[in-house]
Amino acid sequence: MKRFSRNTAFYVILALVLLILALTFLTGGPKREQLTLSEFEGKVSSEQVKTAEIIDGDNKVRGDLTNGKKYEAKYPAEYVDELTASLKSNGVAYDTKPKKDNLWLSLLFNFLPFLLLIGVFLFVMNSMQGGGS
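Scope of this entry: the structure provided in the associated data block. (Residues numbered from 1 in each chain as written. Predicted model: local features only at pLDDT ≥ 70, side-chain atom pairs only at ≥ 80, totals over all residues. Heavy atoms only, no water.)

### Digging into empty space enclosed by the protein
Applying the stated criterion across every chain, the model contains one cavity of 30 Å³ or more. Forming the boundary of the largest cavity are Phe40, Glu41, Val44, Tyr79, Leu83, Ser86 and Leu87. Residue assignment for the lining of the largest cavity shows that the elements contributing at least two residues are helix H2 (37–45) and helix H3 (80–89). In terms of residue class, the lining of the largest cavity is made up of five nonpolar, one polar and one charged. (1 Å grid on protein atoms, 1.4 Å probe; cavity = no way out; pocket = protein on both sides within 12 Å on 5 of 7 lines; lining within 4 Å. Points joined across faces, edges and corners; volume = space filled by probe spheres on them. Helix = DSSP H or I, 4+ residues; strand = E, 2+ residues; numbered from the N terminus. Nonpolar A, V, L, I, M, F, W, Y, C, P; charged D, E, K, R; others polar.)

### Here's the deal with the nonpolar core
Of all hydrophobic cores here, the largest spans 15 residues; its most connected members are Phe40, Val49, Val61, Tyr71, Leu83 and Leu87. Elements represented by at least two residues in this core include exactly H2, strand E2 (51–56), strand E4 (70–74) and H3. Leaving out residues up to four positions away in the same chain, Phe40 has contacts with Leu35, Val49, Val61, Tyr71, Ala73, Leu83 and Leu87. (Core = buried A, V, L, I, M, F, W, Y, C linked by side-chain atoms within 4.5 Å. Buried < 20%, exposed > 50% of the residue type's maximum accessible area, 1.4 Å probe, protein only. Contact = heavy atoms within 4.5 Å.)

### A word on the sheet that holds strand E3 (residues 60–64)
Taken in spatial order, the five strands make up an open sheet running E1-E4-E3-E2-E5, and their pairing is mixed. Looking at which strands have only one partner, the edges of the open sheet turn out to be strand E1 (33–35) and strand E5 (93–98). Within this sheet the neighbouring strands show an average axis-to-axis angle of 25°, counted without direction. Pairing of E3 with E4, which is carried by five bridges, proceeds in the antiparallel orientation. For Asp64, the partnering residue across the bridge sits in E4 and is Lys70. Its contacts with the sheet place H2 against E1, E3 and E4, and it is angled at close to 100° to E1. Packing against the sheet, H3 makes contact with E2, E3 and E5, and its axis sits at approximately 165° to E2. (Pairing = 2+ DSSP bridges. Axes fitted to C-alpha atoms, helices over the stretch in contact; angles between N-to-C directions.)

Read these as geometric descriptors, not functional statements.
Right, dumping it as structure tokens:
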């Protein structure tokens with residue numbers, strides 16, 4: 001009888017666990033205060049917003065408040081013109097950036113079919129070693 005550690009399923013499960021752990025540790029970032037759109041507008045009008053970074057595609061704006069805290073707020077797609085006008089009129093330094101794709105997730109989706117094919121191939125080859133079964 002084969003030991004479980006030599007079984008192909010063990011290596012597949014081990015790879016998945018390591019991948020999940022890697023994604024957990026690599027996707028962590030600084031914690032930001034989540035603001036509603038009305039709270040964000042209030043802070044902009046009361047000049048509590050120091051910087052703003054508009055992330056196009058995600059419909060998010062993030063940056064720094066004057067008290068040193070970091071913030072993030074979501075806005076509807078149609079609101080971007082009013083948002084930039086409000087930031088400009090209140091003297092907030094702002095920048096726009098495109099949405100970033102998650103590198104690890106895109107690599108996973110690109111290589112997952114190949115890994116599955118290799119796993120099936122190894123499973124079939126392992127089964128064929130049994131002989132008459």
